[in-house]
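Geometric and topological summary
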Amino acid sequence: MAEANAGAGTATAAGPAEEVLAEAGLRLEVDGAVATVTLNRPERRNAMTFATWRGLAAIGRSLPEGVRVVVLRGAGPSFSAGIDLSMFSGEGEGFADGSDAAATDRFIAELQEGYTWLRRPEIVTVAAVHGHAIGGGFQLALACDIRVAADDVRFCMKEPALGLVPDLTGTKPLVEIVGIGRALELCLTARTVHAEEAARLGLAEIVVPRDGLDAAVAELVASLLAVNPGAAVATKRLLWEAPQNTLEQQCAAERREQIGRLRELFGK
Ligand code: CAA
């Protein structure tokens, strides 16, 4: 297992430089076809800074080619308490204040890159969520393909309560999963969704007792790896296209992907 963690400034074989991960509060382990990204500031409930989002983007950019499944998890009692609130009091790198709209747009786009790579068809992304998943933490879980939740999970979209909008790619998957009415209700009340409701709304595909989370994720990962790799990539591409496509476009996409599969399986 190649591990990249806090430490001296040597570049790692399988990911961003160690100092980048350490500053980001992230740990990256790559074991064959599986990469595990751990949000690793348990003493701050894995609160996220700009460095965290940039670190996630750097992991996405440098992921080894053979990786097929990426697991995101949190160290300590919670998945993530969202944005590090100390940033609001002017500690560390300041916020873009929006006065230069173009610069602020670029700034947020850079942070969003920490989330968008999780949709790449070449990988299946699994969020292993326990405890609190608030704001940017909830959005990180939403950016993954599949969410496995512990029965102590607490999802909360806190941004509107702080005067902000959710801007880390979470609004689209939230609406696609729960519908506009429920998404509005969840965001504009900033209320907490517990495990039973999360399962019912489709915010978690699998819910297990807290002490069974790691085993449930390991079982899921093994099942994902057992599927033909090319078919997995093509199917993920196809399914993510489906909500935007008309039936006609989707049928054409199915034919196109199947031709690729048939060529690979039976072509001479
Ligand atoms: N930022 C910075 N520090 C945080 C933090 C955060 N978001 N969340 C927790 N911490 C710190 C606490 O200050 C505390 O530090 P000390 O030990 O020094 O006092 C430590 O982590 C442990 O926290 P708690 O004792 O509160 O732990 P808990 O398990 O009892 O409660 C919690 C956990 C419910 C997550 C609670 O800490 C909490 O409500 N945190 C704030 C959550 C929040 O409002 N996040 C912002 C979301 S909005 C967002 O994310 C916007 C965006 O992306 C743009």
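- Per an unreviewed UniProt entry, the recorded name for the chain is Enoyl-CoA hydratase/isomerase family protein, and the organism is Actinomadura nitritigenes.

Describing the overall build of the chain
- Along the backbone of the chain there are 10 helices and 10 strands.
- In terms of C-alpha radius of gyration, the chain reaches 19 Å, essentially the compact-globule figure of 18 Å for 268 residues.
- Projected onto its principal axes, the C-alpha coordinates of the chain cover approximately 65 × 50 × 45 Å.
- When contacts within the chain are restricted to residue pairs at least 6 apart in sequence, those whose partners lie at least 24 apart make up 68%.
- With the model as given, the accessible surface of the chain reaches about 13,000 Å², and the carbon-plus-sulfur share is 56%.

Side note on the packing of helix H9 (residues 229-241) against helix H10 (residues 247-266)
- Running from amino to carboxyl end, H9 crosses H10 at an angle of 170°, the nearest separation of the two axes being 10 Å. In terms of orientation, H9 and H10 fall into the roughly antiparallel class. From H9, Gly-230, Ala-231, Ala-234, Arg-237, Leu-238 and Glu-241 reach across to H10, where they touch Gln-250, Ala-253, Glu-254, Arg-256, Glu-257 and Arg-261.
- Grouping the amino acids of the contact of H9 with H10 by side-chain chemistry returns 4 nonpolar, 2 polar and 6 charged.

Observations concerning the site of the ligand
- Neighbouring residues of the ligand: 17 residues in total, closest Arg-44, Ala-81, Ile-83, Leu-85 and Lys-158.
- Backbone polar atom of Ala-81 to a nitrogen atom of the ligand: 2.7 Å apart, as the coordinates give it.
- When the free accessible area of the ligand is taken as 1,000 Å², the share hidden by the protein chains comes to 65%.

Side note on the confidence of the model for the chain
- Looking at the chain as a whole, the pLDDT averages 93, with 94% of positions reaching at least 70.
- Predicted confidence in the chain is weakest over strand E1 (residues 2-4), with a mean pLDDT of 44, and strongest over strand E5 (residues 124-129), with 99.

Things to note about the sheet that holds strand E6 (residues 132-134)
- Read from one edge of the open sheet, 3 strands run E6-E8-E9, paired in mixed fashion. The open sheet has two edge strands, E6 and strand E9 (192-194), and neither has a second partner. Averaged over all pairs of adjacent strands, the angle between their axes in this sheet comes to 20°, without regard to strand direction.
- Looking at chain direction, strand E8 (residues 154-156) and E9 are connected through 3 bridges and run antiparallel. In the strand pairing of E9, Phe-155 is matched with Val-193.
- In the packing of helix H4 (residues 136-143) onto the sheet, contacts are made with E6 and E8, and the angle to E6 comes to roughly 95°.

Description of the environment of Ala-232
- Within the secondary structure, Ala-232 is located in helix H9.
- If sequence neighbours within four positions are ignored, Ala-232 has contacts with Arg-68 and Val-227.

Some thoughts on the pattern of salt bridges
- Applying the stated rule across the entire model yields 15 salt bridges.
- The salt bridge partner of Glu-110 is Arg-54, with a shortest N-O separation of 2.8 Å. You can see Glu-110 sitting in helix H3 (residues 101-116) and its partner Arg-54 sitting in helix H2 (residues 50-62), a full 56 residues away along the chain.
- According to the relative accessible area criterion, Arg-54 is partly exposed, its value standing at 26%.
- The partner of Arg-210 in a salt bridge is Asp-152, with the nearest N and O atoms 3.9 Å apart.

Overview of the nonpolar core
- Ranked by internal contacts, the top residues of the largest apolar core, which has 51 residues, are Trp-53, Leu-56, Val-70, Leu-140, Phe-155, Leu-174 and Leu-203.
- The element best represented in this core is H4, accounting for 5 residues.
- Residues contacting Leu-140, with those up to four places away along its chain left out, are Leu-39, Met-48, Leu-56, Leu-72, Phe-79, Tyr-115 and Leu-118.
- Counting residues in each nonpolar core, the second largest holds 16 residues, with Val-69, Leu-213, Ala-216 and Val-217 among its members.

Things to note about the pairing of E5
- E5 sits mainly inside the fold: 6 of its 6 residues count as buried.
- What you see with E5 is no split at all: Val-124, Val-126 and Ala-128 on one side and Thr-125, Ala-127 and Val-129 on the other are buried throughout.
- Pairing of E5 with strand E7 (residues 146-150), which is carried by 4 bridges, proceeds in the parallel orientation. Its bridge partner being in E7, Val-126 is matched across the sheet by Ile-146.

Here we look at the packing of aromatic side chains
- Scanning all chains against the criterion turns up 3 aromatic pairs.
- Ring geometry for Phe-50 versus Phe-107: centroids 5.0 Å apart, planes at 75°, classification edge-to-face. Separated by 57 residues along the polypeptide, Phe-50 in helix H2 and Phe-107 in helix H3 bring together distant segments of the chain. For the pair formed by Phe-50 and Phe-107, the shared burial category is buried.

About the thresholds
Residues numbered from 1 in each chain as written. Predicted model: local features only at pLDDT ≥ 70, side-chain atom pairs only at ≥ 80, totals over all residues. Heavy atoms only, no water. Helix = DSSP H or I, 4+ residues; strand = E, 2+ residues; numbered from the N terminus. Rg over C-alpha atoms; globule rule 2.2 N^0.38 Å. Contact = heavy atoms within 4.5 Å. Areas by Shrake-Rupley, 256 points an atom, 1.4 Å probe, with all protein chains shown as cover. Axes fitted to C-alpha atoms, helices over the stretch in contact; angles between N-to-C directions. Parallel < 35°, antiparallel > 145°, perpendicular 65-115°, else oblique. Nonpolar A, V, L, I, M, F, W, Y, C, P; charged D, E, K, R; others polar. Near = heavy atom within 4 Å. Polar contact = N/O pair within 3.5 Å; in protein donor to acceptor, adjacent residues only side chain to side chain. pLDDT = per-residue confidence, 0-100. Pairing = 2+ DSSP bridges. Salt bridge = Lys/Arg side-chain N within 4 Å of Asp/Glu carboxyl O. Buried < 20%, exposed > 50% of the residue type's maximum accessible area, 1.4 Å probe, protein only. Core = buried A, V, L, I, M, F, W, Y, C linked by side-chain atoms within 4.5 Å. Phe/Tyr/Trp six-rings, centres within 6.5 Å; stacked < 30°, edge-to-face > 60°.

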